[in-house]
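Residues per chain are reported as follows:
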Amino acid sequence: CIGSLLRALTHNRFPPARRTWDGMYRDKEPDRYKSLEQFARYAVIEGYCKSLPRPFSLLEVGCGAGILLSRLDPALIAHYVGLDVSSLALDEARITYPNGNFVHSYAEAFSSDANSFDVIIFNESIYYLHNLVTQFNRYLSFLTPGGHAIVSITHLCPDPLRLFEEAFHKHIVSQTVVTDTRSTKAWSVYLVSKEPSL
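The structure displayed is predicted, hence computed values, not measured ones.

S.K.: Explanation requested: the sheet that holds strand β7 (residues 186-193) in the structure shown.
M.R.: Paired through backbone hydrogen bonds, the strands of a sheet run either parallel or antiparallel to each other. Ordered by their spatial adjacency, 7 strands build an open sheet running β3-β2-β1-β4-β5-β7-β6, and the pairing between neighbours is mixed. Unpaired on one side and paired on the other, β3 (101-104) and β6 (172-179) mark the two borders of the sheet. Along the sheet, successive strands turn relative to each other by an average axial angle of 15°, direction set aside. Alignment of strand β1 (residues 56-61) against strand β2 (residues 77-84), held across 6 bridges, turns out to be parallel. Bridging from a neighbouring strand, V61 pairs with L83 of β2. Lying over the sheet, helix α6 (residues 132-140) contacts β1, β2, β4 (117-123), β5 (143-154) and β7, oriented at roughly 140° with respect to β5. Relative to β7, helix α7 (residues 158-168) is tilted by about 25°, and along the sheet it contacts β5, β6 and β7.

S.K.: Looking at this structure, how should I read the environment of L72?
M.R.: Within the secondary structure, L72 sits in the loop between α4 (67-71) and β2. Residues L72 and I45 lie 27 residues apart in sequence; the distance between their C-alpha atoms is 9.2 Å. Among residues more than four places away in sequence, those in contact with L72 are E46, C49, L58 and I77.

S.K.: Before we go on, may I ask you to explain the packing of aromatic side chains in this structure?
M.R.: Two measures describe an aromatic ring pair: the distance that separates the ring centres and the angle between the ring planes. Counted under the stated rule, the structure contains 12 aromatic pairs. Look at F122 and Y139: their rings are 5.3 Å apart centre to centre, the planes differ by 85°, and that puts the pair in the edge-to-face class. Residue F122 is found in strand β4, and its partner Y139 is found in helix α6; the two are separated by 17 residues along the sequence. Y139 shares its class with F122; the two are buried. Considering the side-chain rings of F164 and Y190, the 5.0 Å spacing of their centres and the 50° angle between planes classify their relative orientation as tilted. Here the residue F164 occupies a position in helix α7, and Y190 occupies one in strand β7, the gap between them amounting to 26 residues. Residue classification places Y190 among the buried residues on the basis of a relative accessible area of 0%. Lying across the ring of Y42, R41 places its NZ or CZ 4.6 Å from the centre.

S.K.: Quick question: what am I supposed to make of the packing of α6 against α7 here?
M.R.: A pair of packed helices is characterised by two quantities: the angle between their axes and the separation of those axes. Direction vectors running N to C along α6 and α7 enclose 55°, while the axes themselves pass 10 Å from each other. In terms of their interaxial angle, α6 and α7 are classed as oblique. Here α6 and α7 pass one another in a crossing that is right-handed. Here L132, V133, F136, N137 and L140 of α6 come into contact with α7, specifically with P160, L163, F164, A167 and F168. Residue composition of the contact of α6 with α7, by class: 9 nonpolar, 1 polar and no charged.

S.K.: For this particular structure, what's the right way to read helix α3 (residues 39-50)?
M.R.: An α-helix turns once every 3.6 residues. As a result, residues three or four positions apart point the same way. Between its first and last C-alpha, α3 extends 16 Å over 12 residues, near the 16 Å set by a 1.5 Å rise per residue. Burial in α3 covers these residues: R41, Y42, V44, I45, E46, Y48 and C49.

S.K.: What am I meant to see in the nonpolar core here?
M.R.: Across soluble globular proteins, you tend to see nonpolar side chains buried next to one another. One finds I126, F136, Y139 and F164 to be the most contacted residues of the largest nonpolar core, which totals 28 residues. Secondary-structure elements contributing two or more residues to this core are β1, β2, β4, α6, β5, α7 and β7. Ignoring sequence-local partners within four residues, the contact set of F164 consists of I126, L132, F136, V151, I153, H169, I172, Y190 and V192. With 27 residues, the next largest nonpolar core counts V44, L68, Y80 and V119 among its residues.

S.K.: Please clarify how the confidence of the model for the chain should be interpreted in this entry.
M.R.: The predicted coordinates should not be examined in detail at positions where pLDDT is low. For the chain, the mean per-residue pLDDT works out to 85, and 81% of the residues sit at or above 70. Predicted confidence is poor over residues 1-16, with pLDDT under 50, and the contacts of this stretch with residues over four places away or in other chains come to 21 contacts.

S.K.: When you look at the pairing of β5 in this model, what are you seeing that I'm missing?
M.R.: Along any regular strand, the residues point their side chains to alternate faces of the sheet. Most of β5 is tucked away, with 10 of its 12 residues classed as buried. The pairing of β4 with β5 spans 6 bridges and is classified as parallel. Following the sheet pairing, F122 is matched in β5 by V151. In the classification by handedness, the crossover that spans β4, the intervening α6 and the parallel β5 is right-handed.

Criteria and cut-off values
Throughout this description, residue numbers start from 1 for each chain and increase along the sequence as written. At least 70 in pLDDT is required for a residue's local features to be given in this predicted model, at least 80 for side-chain atom pairs to be given and counted, and no such filter applies to totals for whole chains, interfaces and linings, which use all residues. Note: side-chain values were computed over all heavy atoms of the structure, leaving out hydrogens and water. Any two strands are treated as partners once DSSP identifies two or more bridges connecting them. A run of H or I in DSSP becomes a helix once it reaches four residues, and a run of E becomes a strand once it reaches two; helices and strands are each numbered from the N terminus. Orientation is described by axes fitted as lines to C-alpha atoms, over the contacting stretch for helices, and by angles from 0 to 180 degrees between their N-to-C directions. Should any heavy atoms of two residues lie within 4.5 Å, those residues are counted as being in contact. Any Phe, Tyr or Trp ring, taking Trp's six-membered ring, that has another such ring centre within 6.5 Å forms a pair; planes under 30 degrees apart are called stacked, those over 60 apart edge-to-face, and the others tilted. Here the term buried applies to any residue with accessible area under 20% of the maximum for its type, exposed to any over 50%, and partly exposed to those in between, with areas from a 1.4 Å probe on protein chains only. We count a charge as sitting over a ring when the NZ of a lysine or the CZ of an arginine lies within 6 Å of the ring centre and within 35 degrees of the ring normal. Convention used here: angles under 35 degrees read as roughly parallel, angles over 145 as roughly antiparallel, angles from 65 to 115 as roughly perpendicular, and any remaining angle as oblique. For a crossing to be left-handed, the near helix must be turned anticlockwise from the far one by less than a right angle; the clockwise case is right-handed. Put simply, Ala, Val, Leu, Ile, Met, Phe, Trp, Tyr, Cys and Pro go in the nonpolar bin, Asp, Glu, Lys and Arg in the charged bin, and everything else, Gly too, in the polar bin. Expected span of a helix: the number of residues minus one, times 1.5 Å. What we call a nonpolar core is a set of buried Ala, Val, Leu, Ile, Met, Phe, Trp, Tyr and Cys residues that are connected through their side-chain atoms within 4.5 Å. Predictor confidence is given residue by residue as pLDDT, running from a minimum of 0 to a maximum of 100. When the strands point away from the viewer and the path from the first strand over the helix to the second turns clockwise, the crossover is right-handed.

If you want it as structure tokens, here you go:
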């Protein structure tokens, strides 16, 4: 399980987390996100994006080097903000999408006006939030009325998965489970509405 890595990166150690992620990008370790194993998960995120009214303003929390962004049809996006803790990752992302706005920050430190974004994506990044429920609720407030979040969570980390489902089950519009049969890794990808359903 990657739980020990997640704890090492996030447990009240923001500066070491930043240095660790910069080191990982320097060593090209996150290139695994470009692998065939990840393909179907990205396709689900793309599909959810295509199901939403477009063009939309998009905030990607934990955008990394822009791998997801490189897969999205630019016609979907009216305005893009990418947020990440690694400056090296953001340097790569700027090459992928020079028209975007990129913010070097921890998710907890980022703030925006209410109703700023139509779509917010947490692509394998929600684990790094301190107090997942409080922070995700805060990010929901950044969504426009009728806005949506898309969240991808690996089944290798069952605690955040369970916590997210318990806290936000009334907001979940759709959930797709993706399994790579070769590696047996699985992910849940959620489409989440700003407002809870009745």
